[in-house]
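Each chain is listed here by its residues.
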There are 2 protein chains.
Amino acid sequence: MAAWGERLAGVRGVLLDISGVLYDGGEDGGTPIPGSVEAVARLKLSKLKVRFCTNDSQKSRRDLVGLLQRQGFDISEGEVTSPAPATSLILKERGLRPHLLIHDGVRSEFDQIDTSNPNCVVIADAGEGFSYQNMNEAFRVLMDLEKPVLISLGKGRYYKETSGLMLDVGAYMKALEYACGIEAEVVGKPSPEYFQLALKEMGVEAHEAIMIGDDIVGDIGGAQRCGMRALQVRTGKFRSQT
Amino acid sequence: MAAWGERLAGVRGVLLDISGVLYDGGEDGGTPIPGSVEAVARLKLSKLKVRFCTNDSQKSRRDLVGLLQRQGFDISEGEVTSPAPATSLILKERGLRPHLLIHDGVRSEFDQIDTSNPNCVVIADAGEGFSYQNMNEAFRVLMDLEKPVLISLGKGRYYKETSGLMLDVGAYMKALEYACGIEAEVVGKPSPEYFQLALKEMGVEAHEAIMIGDDIVGDIGGAQRCGMRALQVRTGKFRSQT
């Protein structure tokens, strides 16, 4: 293995995943992963640019940042790339009116979006909102469309909370894809467009950036396919065998 | 198109799907599809052997047959091949102790099965039982197993009730497959073993049998791959385009 200095040569920007890297979420708001508050503080003191690149789609950016600040993290809303605002932009650009299958915590990100007479379905990590009835409603909306459009905020398999592993939106995306015979559009890691958005927002080229995450597909594979370096932490959902 | 006589030459047995062919299910018990009660009666008067081959996994065979008898169908428990009893047999043979994610209506089929300290997960069409919490529990059981075994009673995408289309177990099977990175074993149509079981139970060879169903994959494709003839009805979930 090359020395750290060599492996990090030319790096100007660091992208940090949030869940499983900075903290493990949970019903009580979750807990910081030991050392992560200090690590972020040191990064902020360095010359490196820092951006938080999350797939969290349960919370609005404001709520997520507030929660992390209360845990001691030096983080502000403008430093976060998250899928809900990115999706909101796409919906406006394409004139899409979504049926939303999302968590109440993130609903405010879609305040400005017309949801009447839906011509697409947007799913996010709805947690308990993934009831049979809600899934069936989303399924029926898709089946009634001539050209069904399903947008999924990330496609994670699962994430880790303090209580244990939690099914993520990707599982429910697959359920709807299969039931309707369609393929979803993913807004979030590992989509290249999403990493490019984060790089653009931080003003750094792909070859100058390193992604730090706990998800081998979403964080590591996705970043590498965009020409970035990547480093997998052994916290969060990390398992030595998958 | 060949004449009917030619297409049916040598047929000795008829396999009938139930949901979408005999009746459309619903909260009120559902309603017979016009002409189907009479068609079954005529078949029973003919020299043809008749077997009902369903993927219904919400109801025990007894409840399903009772419901159909009340609608006027000439049908008895011994004439039905259904996935729950078939699964129960497999579990016993392989010494598997399932975590059951199933509808209460079919639970009696697993009365004799040891469910302590589970070493596999069995999912059936659980309907409202497909809550986030129940799905997450099944997911965690699978992730805790060294070699996760997931058995799915059918893999249908959806079926039709009187209120409209309903997500079927296949969608939830796909969700767990994706989340755990595994492949489920399917007990039910279109699994060849399942059709062969039905053929054996009716004492007819594949080339002497015709399957009648509304599902192009589960009924028609599955039967044809077993060397049977097949006929798709335009009732139930049939759509001219999928």
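Because the structure is a prediction, the values reported are computed rather than measured. (Residues numbered from 1 in each chain as written. Chains lettered and ligands numbered in written order. Predicted model: local features only at pLDDT ≥ 70, side-chain atom pairs only at ≥ 80, totals over all residues. Heavy atoms only, no water.)

## Some remarks on the interface of chain A and chain B
In step 1: The partner chain B presents 31 residues to the 31 residues of chain A that form the contact.
In step 2: Considering only the surface of chain A that becomes buried against chain B, A:Tyr132, A:Leu167 and A:Tyr178 emerge as the three largest contributors, covering 30% of it.
In step 3: Our count for the chain A to chain B interface comes out at zero salt bridges.
In step 4: The interface formed by chain A and chain B holds 16 residue pairs in polar contact (both at pLDDT 80 or more) in total.
In step 5: If you tally residues by element for the side of chain A that touches chain B, the top one is helix H6 (residues 169-180) of chain A, at eight residues. (Contact = heavy atoms within 4.5 Å. Buried area = accessible area lost by both parts, 1.4 Å probe. Salt bridge = Lys/Arg side-chain N within 4 Å of Asp/Glu carboxyl O. Polar contact = N/O pair within 3.5 Å; in protein donor to acceptor, adjacent residues only side chain to side chain. Helix = DSSP H or I, 4+ residues; strand = E, 2+ residues; numbered from the N terminus.)

## Observations concerning the sheet that holds strand S7 (residues 120-123) of chain B
Residues and elements named next belong to chain B.
In step 1: With parallel pairing, the four strands of this open sheet are ordered in space as S6-S7-S8-S11. Among the strands making up the open sheet, the edge pair consists of strand S6 (98-101) and strand S11 (185-186).
In step 2: Lying on the sheet, helix H4 (residues 83-94) is in contact with S6, S7, strand S8 (150-152) and S11; it crosses S7 at an angle near 175 degrees.
In step 3: Against the sheet, helix H6 (residues 169-180) makes contact with S7, S8 and S11, and its axis sits at roughly 165 degrees relative to S8, the strand it touches most. (Pairing = 2+ DSSP bridges. Axes fitted to C-alpha atoms, helices over the stretch in contact; angles between N-to-C directions.)

## Overview of the packing of aromatic side chains
Residue and element names in this part refer to chain A.
In step 1: Inspection of the entire model under this criterion finds six aromatic pairs over all chains.
In step 2: Their ring planes at 5 degrees and their centres at 3.9 Å tell us that Phe130 and Tyr172 sit as a pair that is stacked. In this pair, Phe130 sits in the loop between strand S7 (120-123) and helix H5 (132-144) while Tyr172 sits in helix H6, placing the two residues 42 residues apart along the sequence. Of the two residues, Phe130 and Tyr172, both sit in the buried class. (Phe/Tyr/Trp six-rings, centres within 6.5 Å; stacked < 30°, edge-to-face > 60°. Buried < 20%, exposed > 50% of the residue type's maximum accessible area, 1.4 Å probe, protein only.)

## So, helix H2 (residues 36-45) of chain B
Residue and element names in this part refer to chain B.
In step 1: Buried residues of H2: Ser36, Val40 and Leu43, and no others. All buried residues of H2 fall inside an arc of 60 degrees around its axis, so they share one side. Residues of H2 that are exposed and point more than 90 degrees away from the buried face comprise Arg42 and Leu45.
In step 2: Buried-residue contacts for H2 involve strand S1 (13-16), strand S3 (31-32) and strand S4 (49-53). (Arc of directions from axis to C-beta.)

## Comments concerning the side chain of B:Asn136
In step 1: If you trace the backbone, B:Asn136 turns up in helix H5 (residues 132-144).
In step 2: Accessibility expressed as a relative area gives 6% for B:Asn136, which makes it buried.

## Re the relation of the copies chain A and chain B
In step 1: Taken as rigid bodies, chain A and chain B are interconverted by a rotation of 180 degrees and an axial shift of 0.0 Å, the fit giving an RMSD of 0.0 Å. Read as a symmetry element, the transformation amounts to a two-fold axis. (Least-squares fit on C-alpha atoms with pLDDT ≥ 70 in both.)

## Notes on the domain arrangement of chain A
Residues and elements named next belong to chain A.
In step 1: Segmentation of chain A into domains returns domain 1 (10-82 + 189-232) and domain 2 (83-186).
In step 2: Computed over C-alpha atoms only, the centres of domain 1 and domain 2 are separated by 22 Å.
In step 3: The interface is formed by 23 residues belonging to domain 1 together with 21 residues belonging to domain 2.
In step 4: Approximately 1,600 Å² of surface area, both sides summed, lies buried where domain 1 meets domain 2, with 50% of it carried by carbon and sulfur atoms.
In step 5: In terms of surface lost to domain 2, no three residues of domain 1 exceed Ser57, Gln58 and Ser82, which account for 38% of the buried area on that side.
In step 6: The tally of links between domain 1 and domain 2 comes to one salt bridge.
In step 7: One salt bridge in this structure joins Asp24 and Lys160, with 3.3 Å as the shortest N-O distance.
In step 8: Linking domain 1 with domain 2 are eight residue pairs in polar contact (both at pLDDT 80 or more).
In step 9: If you list the elements that add at least two residues to the side of domain 1 that touches domain 2, you get helix H3 (61-70) and helix H7 (192-202).
In step 10: The class makeup of the residues in the side of domain 1 that touches domain 2 is three nonpolar, twelve polar and eight charged. (Domains from an automatic or database assignment. Nonpolar A, V, L, I, M, F, W, Y, C, P; charged D, E, K, R; others polar.)

## Overview of the state of the cysteines
Residues and elements named next belong to chain A.
In step 1: Scanning all chains against the criterion turns up zero disulfides over all chains.
In step 2: Of the cysteine sulfurs around Cys53, a residue in no disulfide, the closest is that of Cys226, at 9.7 Å.
In step 3: By relative accessible area, which is 14% here, Cys226 ends up buried. (Disulfide = S-S within 2.5 Å.)

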